[in-house]
Structures are given as C-alpha cells and as structure tokens.
There are 2 protein chains.
Amino acid sequence: LWTGCMMRDIMLKAKPKNAARFVWMEGGDNPANGPYGTSVRLCWVMDPERSIMLAYKQNGSFLSPDHGRPFRAIIPGVIGGRSVKWLKKIIISDVPSNNWYHYFDNRVLPTMVTPEEAKKNKQWWKDERYALYDMAVQSAIWKPSNNETVTVDGEDDDNTVSVSGYASNGAGVRVGRVEVSLDKGRTWKLADIDYPEDRYREAGHIKLFGGLVNVCDRMSCLCWCFWKISIPKKELFVAKDIVVRAMDERMCIQPRDMYWNVTSMMNNWWYRVAIRKDGPNVIRFEHPVLANKKGG
Amino acid sequence: LWTGCMMRDIMLKAKPKNAARFVWMEGGDNPANGPYGTSVRLCWVMDPERSIMLAYKQNGSFLSPDHGRPFRAIIPGVIGGRSVKWLKKIIISDVPSNNWYHYFDNRVLPTMVTPEEAKKNKQWWKDERYALYDMAVQSAIWKPSNNETVTVDGEDDDNTVSVSGYASNGAGVRVGRVEVSLDKGRTWKLADIDYPEDRYREAGHIKLFGGLVNVCDRMSCLCWCFWKISIPKKELFVAKDIVVRAMDERMCIQPRDMYWNVTSMMNNWWYRVAIRKDGPNVIRFEHPVLANKKGG
C-alpha cells in the first residue's frame, strides 16, 4: 500500500497546454546511458481509474532507498519500467520522452525483426507503437507445486485435487474468466476466481498505515486475482498435462503460442504443468519454470 | 461524423453521487421484451478519451428515424448494442442496468456453457464479467478479393501482388501491427498501416458539417485503420493461403483459434484467404466469407 499524492492533482496545478500529451519522468540515478527516464500518456495520468500517483511511503514507512526514496512514480497495471524511482524531474511534453532507456528498453519489436536487424536499424526502437505500457493478461498454476505427487487409489477414485494459481492483467481491466484444460485445449473447465482487492472496496474508506485506502472510488482492477478448481484424481491420472489460460473482461485471451520477439518480453502463452507417471498409481507434476531458482 | 454534446458534460451537470458507477440508457422503442435498454460505466462516460456523446446529427443532417432520431448515444470502440437509439431515459445508478436486453444480449459466456445449460441456468447471463463492451482486435483481407485470379509468368517472376485490408480494435486502443503469413503462422511479414483518423488530427480543429472535429484533443484511436503489403507472385504461387493477424498497442494479439461461445460473438481468430491453383500458372483467391451475400 502506497502513500503519496495523485499525479493528476499535480497536473491540475501545472495546467498543461492543449498540445500536452506526455508526462516525462527522470530519476536521480546514473546508469551507463545517463539518468533513467521514460514517459506515459498525460491522459492516463488524468484518468482517476488509472490511479497514477507520486509516492513517498510504502506500507506506512518512508520509502527505502531500494524502493526509490524520497519519491517514486506508481503506475499500476503498467510495466514496472514506467514507475520511475528517485524521481527528480517531471516534464510535460507533446512528444514521448527522448531518454535513452525510453527507446531501448521495454519494447516488443515485431516478430520478424532479428537481433541483427534490431542492432543495425535503430528506427525499430523509435516507433511508439512497439513500446510496452499495459501488461497483458496472464495466468499461472501455483498448486500442485513442482514435483508434488498424488496417489490415485483406484479407477473409481472420486477424490479431487485442488488446482490453483493467480491471474493478472494490465490497464485496470479485470480478468473475466480462467479456464483449465486437461486435453491440450480441446475442452475447458471454468475455475472460480477471487478478487482480493474487492475486500478493500467492501470495507469502504478505511485508514491503513496512516493513509486512506481509496480503491472504492474506482472500478478498475489493478491487482492480481486468485483462481481455484477441484479436479477429480482419476481425470488427472489419464491426462498428459494441466493447461491454464485467462481471458479479460474485454474478451482478450492468452494465446496458445509464444510471440517471438527480440527482447523476449510480454509473452503470455498458456501455462502448462506436465503430468508424469511415477509408478502404477502415482502421478507427479512438473512445472515449466521454478520459482526462486537460478534460471527459473 | 456525429454532432451532439459530450455525455460527460451532462453528467457534470447532474452531479452524480459518490456511489454512482453506471449510466443506464433506455430507448423509446418497444420490442418483445419492453423498451431496449443497457448501461455503460460512468467512469467511461467521464473519460474524455472514450468520447462518449449524445448525438442529434450525423454528417450534418438531423438523425433519420433509422439512426435513432431525435437522440442517440454514440459509444465508440464498444459493441454497437450499447449505443442506444431513440434515447428517452438516462439513469445514473450504482449497479448495471436491469433491462432484459442488457442481460440476454451481447454476452460471451464461458466456452463450456452449452446451449442447454445457458437456457436452464439464467445466472450465466447475469455475471457482468461476461458482458460485451469493448471490441476485440480484429483484421481482415480485402484485396485480392474473392475469386480474383493472378497469372504467374515464370519461376523468376518478381512482380508483386498488393495485399490489403482493414484492422480495428476497441476501447480506443490503437492497432500496433498487422502481420501476414504465407506458411500458416510459422513466419510472418510486417504490413504497413495507415490510420486515416490521424488526418483529422493533423488538420487541427476544423469545422465540418457545422460541427467541430475535435479528434485532435485526444490520443485514443477509435476508427478502423488500413494495412497493405506487397508480396512477390512467386511466393504466393507456392503458398497454400494468406493469413492475417493484428496485435494492438497493449500487445494483445488475435488468437489462432476460435473461442466457441453460445452467442457466437466476439470471435476474432486469424483471417485466412485460401490460394487455389487454376491451371499451371494461375492462382485464385478464395475468401472464407463473402461480403453482401446471403449467409456471407
């Protein structure tokens, strides 16, 4: 939970000109190519649903140096690289930031642009349409965890295994449904979804960490949600894998396949847990990546 | 081009209470289940980028009865069913519209909900997460048209065929790229995109049909765009089909496969034109659907 002021209020005081379109931010750090800087659209800053703020506290404590002391931007639903830390300058402009990192970081170049072409032709990096802002709809399986095993007692076993995970989306758009398949996407089951941030809405305007939780003033959904489904053991026993995909309220769905791109960013294809047979009545779950592991 | 007033200005005069979340609209018509009505989010109406208006003229003429005379809502980027015609009532509420058509029209139920289940269990229709608002990213091929033929003169023919079409998206989000494949999605070529509505931006605040074209006040992209690419004849000669897909600025991509749903709405899988051989050096293009044809 962040404490600070809405960047919208700062803009209202600054009274941007009619031609103003972008808010540039620049940090007080000094990496290889000068201070880190980037920009977002002014209309997003002005939209209360986007909840873009300038924060000085996190969970009630002043920001630690690692988290951007004394000031940082908080831009929910958008790739982290836009939430500039150690914020030193805010500039309002009619064009996007010209900072080195704004151009050469956080981009998804078209799939046919090879590493060689991307290196040779800098123009690919300057097309604002390929810049990453809003996160894409995403889901993953948490439980069963990697290498977890389940014993299936018999053909008529009707015990179930609880399969669960998280899903998230950008731009404040709610995850509308999460679906699970045991036959590589031929048929799907609907999972239940819990939206923890709705608890804050139900609670109303409460004081927490000396700040006001004001999530109830907006409809946008800016946090992860959690999904869960019970699957009969005997169905898992005959399946090759568990696949999950989410669809958002705008009916955008996670794609089946990866979108190859030179920066390897923003890929959100179906998450798959393989089911291995470990003996005649034991199955073992195998995740594609391991949390907290090197290379995971 | 529409003339009217912004619905936002009406809301500002109405001064909605803190708890207000939805704007209900009801028409003056009278179909089988009472007057047509639906609702959209109040925060969308308040967002200048959404450009939601109450119109009384179209291209400078008062609305014809077919187009909703005397007043209709214009809600760009959103499924047409929300732009209520013959508008008679506007109600501000904390909940979505309870109109029959709001529940039982314009929904994408989860893929495992069969027609029987949808008929039996009305609760599926009342979950607002399955209601359709913003359009999904979409693209199609216009040229070559259906049954058009091309003669390929020889193996070393380097003449090209111009392949073109349109792409569109909802929620004011720009189509970021359009890609074409000749090998069923294994590799892709990048098409050029033209955004005709940007012409209005470049022109500034001009008077047209007695109204002010004010598209230059916003960054959202609410109209179709057109794409084009030249493909060598000899590449088309050896290909089985031309497939097109679009990706939006949020990196949402058209899916490869359809999402089956009971209302058969909002499907936006890759558009495919088949290439047939009509003789030793003639190819013919075959579209999946025909414009202006019964059943097309």
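Residues numbered from 1 in each chain as written. Chains lettered and ligands numbered in written order. Predicted model: local features only at pLDDT ≥ 70, side-chain atom pairs only at ≥ 80, totals over all residues. Heavy atoms only, no water.

Peer 1: Tell me about the domain arrangement of chain A, residues and numbers included.
Peer 2: Residues and elements named next belong to chain A. Considered domain by domain, chain A is made up of domain 1 (2-130) and domain 2 (138-286). Counting from both sides, the interface comprises 21 residues of domain 1 and, opposite them, 15 residues of domain 2. Looking only at domain 1, the three residues that lose the most surface to domain 2 are Glu-49, Val-108 and Thr-111, adding up to 33% of its buried area. Across the domain 1-domain 2 interface, the total number found is 0 salt bridges. At the boundary of domain 1 with domain 2, the tally comes to 7 residue pairs in polar contact (both at pLDDT 80 or more). (Domains from an automatic or database assignment. Contact = heavy atoms within 4.5 Å. Buried area = accessible area lost by both parts, 1.4 Å probe. Salt bridge = Lys/Arg side-chain N within 4 Å of Asp/Glu carboxyl O. Polar contact = N/O pair within 3.5 Å; in protein donor to acceptor, adjacent residues only side chain to side chain.)

Peer 1: Now, about the sheet that holds strand β19 (residues 282-286) of chain B: what can you tell me, with residues and values included?
Peer 2: Residue and element names in this part refer to chain B. Strand order in the open sheet formed by 6 strands is β9-β19-β18-β17-β11-β12, and the pairing between neighbours is antiparallel. Strand pairing shows two members of the sheet lacking a second neighbour, β9 (149-151) and β12 (189-190), which therefore form its edges. The sheet contact formed by strand β17 (residues 241-248) and strand β18 (residues 271-277) spans 4 bridges and is antiparallel. Its bridge partner being in β18, Val-243 is matched across the sheet by Arg-272. (Pairing = 2+ DSSP bridges. Helix = DSSP H or I, 4+ residues; strand = E, 2+ residues; numbered from the N terminus.)

Peer 1: Help me get a handle on the sheet that holds strand β2 (residues 22-27) of chain A, residues and values and all.
Peer 2: Hydrogen bonds along the backbone pair up the strands of a sheet, which may run parallel or antiparallel. Residue and element names in this part refer to chain A. Taken together, the 3 strands give an open sheet; going across it, the order is β3-β2-β7, and neighbouring strands pair in antiparallel fashion. Lying at the two open borders of the sheet, with one neighbouring strand each, are β3 (37-41) and β7 (87-93). This sheet shows a mean twist of 20° between the axes of neighbouring strands, independent of strand direction. Of the pairings in the sheet, the one linking β2 to β3 comprises 5 bridges and is antiparallel in character. (Axes fitted to C-alpha atoms, helices over the stretch in contact; angles between N-to-C directions.)

Peer 1: Would you mind going over the relation of the copies chain B and chain A in detail, with residue names and values included?
Peer 2: Rotating chain B by 180° about the axis while translating it 0.0 Å along that axis superimposes it on chain A, leaving an RMSD of 0.0 Å. Such a combination of rotation and displacement between the chain copies is what one expects of a two-fold axis. Scanning chain B for the C-alpha nearest the rotation axis identifies Pro255(B), at a separation of 2.8 Å. Both copies contact each other with a shared surface, as 100% of the interface residues of chain B are interface residues in chain A too. (Least-squares fit on C-alpha atoms with pLDDT ≥ 70 in both.)

Peer 1: Let's hear about the packing of aromatic side chains: which residues, and what values?
Peer 2: The relative placement of two aromatic rings is captured by the distance of their centres and the angle of their planes. Using the criterion set out here, one finds 26 aromatic pairs over all chains in the structure. Note on Tyr103(B) and Phe104(B): the rings are 6.3 Å apart at their centroids and 65° apart in plane angle, and the pair reads as edge-to-face. A ring pair is formed by Trp188(B) and Trp270(B), whose centres lie 5.0 Å apart and whose planes are at 85°; its orientation type is edge-to-face. Remark: Trp270(B) occurs in the loop between β17 and β18 and Trp188(B) occurs in the loop between β11 (175-181) and β12; sequence separation between them is 82 residues. Looking at Trp188(B), the relative accessible area reads 8%, which means it is buried. One cation-aromatic arrangement involves Arg50(A) over Trp44(A); the distance from NZ or CZ to the ring centre is 3.9 Å. Against the face of Phe237(B) rests Lys277(B), its NZ or CZ located 5.3 Å from the ring centre. (Phe/Tyr/Trp six-rings, centres within 6.5 Å; stacked < 30°, edge-to-face > 60°. Buried < 20%, exposed > 50% of the residue type's maximum accessible area, 1.4 Å probe, protein only. Lys NZ or Arg CZ within 6 Å of the ring centre and 35° of its normal.)

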